[in-house]
Amino acid sequence: MEVVQVLCMKGGNGDSSYGNNSLVQKKVISLAKPIMEEAITNLYDNNFPASLRIANLGCSSGPNTFFAVLEIVNAVAKLCKKMGRPLPELQVFLNDLPGNDFNTIFKSVSKFQKDLQKRTGTSAESCFVTGVPGSFYGRRFPSKSLHFVHSSYSLQWLSQVPQGLEGNERNIYMASSSPPSVLKAYFEQFQSDFSMFLRCRSEELVEGGSMVLTFLGRRNDDPSSKECCYIWELLAVALNDMVSEGLIDEEKMGSFNIPQYTPSPAEVKCEVEKEGSFTINRLEVSKVNWNAYHGEFCLSDDRKDGAYNVAMLMRAVAEPLLASHFGDGIMEEVFSRYQKIVADRMSREKTEFVNVTVSLTKRG
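Conventions we followed
- Residues numbered from 1 in each chain as written.
- Predicted model: local features only at pLDDT ≥ 70, side-chain atom pairs only at ≥ 80, totals over all residues.
- Heavy atoms only, no water.
- Axes fitted to C-alpha atoms, helices over the stretch in contact; angles between N-to-C directions.
- Helix = DSSP H or I, 4+ residues; strand = E, 2+ residues; numbered from the N terminus.
- Parallel < 35°, antiparallel > 145°, perpendicular 65-115°, else oblique.
- Left-handed = near helix turned anticlockwise from the far one by under 90°.
- Contact = heavy atoms within 4.5 Å.
- Nonpolar A, V, L, I, M, F, W, Y, C, P; charged D, E, K, R; others polar.
- Pairing = 2+ DSSP bridges.
- Core = buried A, V, L, I, M, F, W, Y, C linked by side-chain atoms within 4.5 Å.
- Buried < 20%, exposed > 50% of the residue type's maximum accessible area, 1.4 Å probe, protein only.

## Examining the packing of helix H8 (residues 226-244) against helix H11 (residues 306-326)
Part 1 of the reasoning: Between H8 and H11, whose axes approach to 12 Å, the crossing angle comes to 55 degrees. What the angle tells us is that H8 and H11 run oblique. Considering only the axes of H8 and H11, their crossing is right-handed. Contact residues: Ile231, Trp232, Leu235 and Leu239 in H8; Val310, Met314, Ala318, Leu322 and Phe326 in H11.
Part 2 of the reasoning: Taken together, the residues of the contact of H8 with H11 break down into 9 nonpolar, no polar and no charged.

## Quick notes on the sheet that holds strand E7 (residues 352-362)
Strand pairing in a sheet relies on backbone hydrogen bonds. The paired strands run either parallel or antiparallel.
Part 1 of the reasoning: The 7 strands are arranged E3-E2-E1-E4-E5-E7-E6 in an open sheet whose pairing can be described as mixed. Each having just a single partner strand, strand E3 (127-133) and strand E6 (278-289) make up the two edges of the open sheet. Taken pair by pair, the neighbouring strands of this sheet meet at an average axis angle of 15 degrees, ignoring direction.
Part 2 of the reasoning: Sheet topology places strand E2 (residues 89-96) next to E3; 7 bridges connect them, and they run parallel. Bridged to Val92 within E3 is Val129.
Part 3 of the reasoning: Here helix H2 (residues 23-31) sits on the sheet and contacts strand E4 (146-152), strand E5 (205-217), E6 and E7; the angle it forms with E6, its principal contact strand, is near 135 degrees.
Part 4 of the reasoning: Of the strands in this sheet, strand E1 (51-57), E2, E3 and E4 touch helix H4 (residues 63-83), which is tilted by about 150 degrees from E1.

## Quick look at the nonpolar core
Part 1 of the reasoning: Among the nonpolar cores identified, the biggest contains 84 residues, and Ile172, Phe194, Phe197, Trp232 and Tyr338 are the most heavily contacted of them.
Part 2 of the reasoning: Look past the residues within four positions of Phe197 in its chain and what remains in contact with it is Leu57, Phe136, Tyr137, Leu155, Met211 and Leu213.

This is how it looks when you write it as structure tokens:
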């Protein structure tokens, strides 16, 4: 599987699209808002650019693409007002892999500009939006061109499925039954990818430039722990049931693996310190319920079903990968079964995603 060609969230505006099933991700962006505002303040302590260049890496599509940018620009606007300075011209770069639904993003630019005008007073003529397709595990921008980099729920995705996953055939990711060699292979791929990411961004950021990065992660030292792998293990249960019934080819099942690694805070810190180009300002852990609508009021009837919400979230994230490997024809059956499995587990267990957020400054 060539990850760069098939990895993307489900595009469009349909019921199972990422745009309509990414409230968890929006809540994660909101949880990191205080860290982002602090990073913006630190950035303006170091310099005051006449033109501020912001990159949203792994921007995906749907409302969260511009929600993150609005939060960043609003923080800049509040700081400028406090300092008695005009808001700088803004260059916003939206990056994701080539399969991302950039068309949907571009169709929503006018709405973003109106929202920006309403919240910050920034006119459309002083904010320039550019799409930048390509992997962030390589250079995407000129040297010393960026001031602020944001990425949320993207850096857990790897550049490729790790090599050496023999013995993991009934799993689709790291799991409690995975051999140690599989856990090692995933970790080494994360190390290689994240160090490359840091090297590329160190070339592209100005001195004193900032990054706020949020990973889907874990708190403990075990990379196969339930807090980071369980949601994929339950999907593997649905797929293996379909193998047993002859609906999925056993060989195809054995060759499918999710290209993801959910790091601990210690692992993130270690890679940043090894690469050496950045100072860590904050490194924090937060949690969010699998069911994004948990505790919300005035829900539509379908959103009152927590298992449905989780299944739709995972479908929006995983369907393009699954469909490229198994074909489109089984998707309804896969996620129907998955919803029932998730409903059973959610009725008996507390289910949460763990988020690791790090704020970094480029060293001089």
